[in-house]
Amino acid sequence: MYTIGEIAKLTNLSIQTLRYYDKIELLKPAFVDETTNYRYYTEAQIYYIDLIKSLKYIGTSLEDIKYAQSLTTEQLVAFLAQQEKIVEQKLRKMKEVQHTLLKTKKQLEDQLNIPSFTEVYERQEEAERLLVVRAKGLTPAYIPTSYFSSMLQTVEREGSVMNSRYGGIFALQRYDSLEALQYDYLFTPLLTERYIEELNPGMDVMRMKDGRYVCIAFIFNAHTYLQEYERLYNYIQQHALVPLSNVYEFYMPMSYSPHEDTQYIVELKLRVE
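Residues numbered from 1 in each chain as written. Predicted model: local features only at pLDDT ≥ 70, side-chain atom pairs only at ≥ 80, totals over all residues. Heavy atoms only, no water.

As annotated in an unreviewed UniProt entry, the chain carries the name HTH merR-type domain-containing protein and is attributed to Caryophanon latum.

Now the structure itself:
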């Protein structure tokens, strides 16, 4: 027989944990001295503790561990096979979390690597999945938050998170006023490749293709927005570039601090030959 202190050292569990397992009837001592109230354990119970620790290590709940203790060896094999599937699901989830982290980090790095504001530049862009919603009568000066709320609800319903970037898609052409520049779609980039099973009416998933993009970035200001867009438009005309896409407009917060005034960077880009 082993005292609770001895069994704690042998199994690398704390005395408090063993007392808790006793309390919830997950692992009761083999004998309790009625005079001293000391708990004693047998050598065989070390094997029971090994099972508890193994299942706990892979994230099995204490309730399910208690259930596993009542199984035959054959039933325990089936139970462990089910636990294996749960672990595989967790691994896929963690890979998705890792992908989300890397993609978010890259977006912030791209923001830091904008070569200059209010000047046109070119760079290679990777393909990007976009959750889009069809827009009508919306311009950079007027975008109801309900559009982005619906995208947020869709993304979170699918078990993912909303990107901190969003924007719109509109045609490359000359505009005589900001009100004339109207979006075909509003969008948010998707951080994972997960298939979205349920889309609201007017929503779709598009892919911004990889390739050579002509871009311009500036601090958002409704009064100068059109002027900055015209720099991009004129650059394309002057260099006789062949556009292969509509204009993608990305909004990015300049800071994530609640103590600073909110300002947004706008990056306009379109793919060219």
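A. Expanded view of the overall build of the chain. Per the secondary structure count, the chain includes seven helices and 11 strands. Radius of gyration (C-alpha) of the chain: 29 Å, far over the 19 Å computed for a compact globule of 273 residues. Along the first, second and third principal axes, the C-alpha atoms of the chain reach 95 × 40 × 30 Å. Considering the chain as a whole, with its 273 residues, one finds that 38% of them fall into the buried category. The contacts in the chain between residues at least 6 apart in sequence include a share of 72% that link residues at least 24 apart. Of the roughly 16300 Å² of accessible surface on the chain, 51% is carried by carbon and sulfur atoms. (Helix = DSSP H or I, 4+ residues; strand = E, 2+ residues; numbered from the N terminus. Rg over C-alpha atoms; globule rule 2.2 N^0.38 Å. Buried < 20%, exposed > 50% of the residue type's maximum accessible area, 1.4 Å probe, protein only. Contact = heavy atoms within 4.5 Å. Areas by Shrake-Rupley, 256 points an atom, 1.4 Å probe, with all protein chains shown as cover.)

B. Structural view of helix H5 (residues 73-112). With 40 residues, H5 extends 58 Å from end C-alpha to end C-alpha; this agrees with the ideal 58 Å at 1.5 Å per step. Within the sequence span of H5, burial applies to Leu76, Phe79, Gln83, Glu96, Thr100, Lys103, Gln107, Asp110 and Gln111. (Expected span 1.5 Å × (residues − 1).)

C. Inspection of the UniProt feature "coiled-coil region" (unreviewed entry) in the chain at higher detail. The UniProt record annotates "coiled-coil region" (unreviewed entry) at residues 80-111. End C-alpha atoms of residues 80-111 are separated by 46 Å, and the span's content is 100% helix alongside 0% strand. (UniProt positions renumbered as here; feature names shortened; annotations may be inferred.)

D. How the structure looks around the UniProt feature "domain: HTH merR-type" (unreviewed entry) in the chain. With numbering aligned to this structure, UniProt lists the feature "domain: HTH merR-type" (unreviewed entry) at residues 1-71. The distance separating the terminal C-alpha atoms of residues 1-71 is 26 Å; by composition the span is 52% helix and 10% strand.

E. Expanded view of the domain arrangement of the chain. What the domain assignment reports for the chain is domain 1 (2-70) and domain 2 (93-272). Taking only C-alpha atoms into account, the centre of domain 1 sits 56 Å from that of domain 2. (Domains from an automatic or database assignment.)

F. Molecular detail of the packing of aromatic side chains. Under the counting rule described, the total for this entry stands at 14 aromatic pairs. With 5.5 Å between their ring centres and 5 degrees between their planes, Tyr166 and Tyr251 make a pair best called stacked. You can see Tyr166 sitting in strand E6 (residues 166-170) and its partner Tyr251 sitting in strand E10 (residues 247-253), a full 85 residues away along the chain. Between Phe220 and Tyr251, the ring centres sit 5.4 Å apart and the planes meet at 55 degrees, which makes this aromatic pair tilted. Residue Phe220 is located in the loop between strand E9 (211-219) and helix H7 (225-238), and its partner Tyr251 is located in strand E10; the two are separated by 31 residues in the primary sequence. (Phe/Tyr/Trp six-rings, centres within 6.5 Å; stacked < 30°, edge-to-face > 60°.)

G. Spotlight on the sheet that holds strand E3 (residues 39-41). Pairing in this open sheet of three strands is antiparallel, and the strands run E1-E3-E2 from one edge to the other. The two strands at the open ends of the sheet, each matched to only one other strand, are strand E1 (2-3) and strand E2 (31-32). Strand direction decides the pairing type here: E2 and E3, joined by two bridges, are antiparallel. Across the sheet, Phe31 pairs through a bridge with Tyr40, a residue of E3. (Pairing = 2+ DSSP bridges.)

H. Geometry of the nonpolar core. In this structure, Phe170, Leu186, Tyr225, Tyr229 and Leu268 are the most contacted members of the largest nonpolar core, which totals 33 residues. Sorting the residues of this core by element identifies strand E5 (128-134), helix H6 (145-157), E9, H7, E10 and strand E11 (264-271) as the ones contributing at least two each. In terms of residue count, H7 provides more of this core than any other element does, seven residues in total. Other than its neighbours up to four places away in sequence, Tyr229 contacts Phe170, Ala171, Leu172, Gln173, Tyr175, Val247 and Leu268. (Core = buried A, V, L, I, M, F, W, Y, C linked by side-chain atoms within 4.5 Å.)

I. Quick look at the packing of helix H1 (residues 4-11) against helix H3 (residues 45-57). Two elements in contact, H1 and H3, have axes whose closest approach is 11 Å; the angle formed by their N-to-C orientations is 50 degrees. Comparing their axes, H3 and H1 come out oblique. Where H1 crosses over H3, the two elements pack in a sense that is right-handed. Each of Ile7, Leu10 and Thr11 in H1 lies in contact with H3, whose residues at this interface are Ile46, Ile49 and Lys53. (Axes fitted to C-alpha atoms, helices over the stretch in contact; angles between N-to-C directions. Parallel < 35°, antiparallel > 145°, perpendicular 65-115°, else oblique. Left-handed = near helix turned anticlockwise from the far one by under 90°.)

J. View of the sheet that holds E5. Taken in spatial order, the eight strands line up as E4-E9-E11-E10-E6-E7-E5-E8 in an open sheet, and their pairing is antiparallel. This sheet does not close on itself; its edge strands, each paired only once, are strand E4 (121-125) and strand E8 (203-208). The average undirected angle you get between the axes of adjacent strands in this sheet is 35 degrees. The pairing of E5 with E8 spans six bridges and is antiparallel. Each residue of the ladder has a partner; that of Val133, found in E8, is Met203.

K. Representation of the pairing of E6 within the structure. For E6, the buried fraction is high: four of the five residues fall into the buried class. Sheet topology places E6 next to E10; five bridges connect them, and they run antiparallel. Note on E10: the bridge partner recorded for Tyr166 is Tyr251. Where E6 meets strand E7 (residues 185-189), three bridges bridge the pair, whose relative direction is antiparallel. Opposite Gly167, over in E7, you have Phe187 as the bridge partner.

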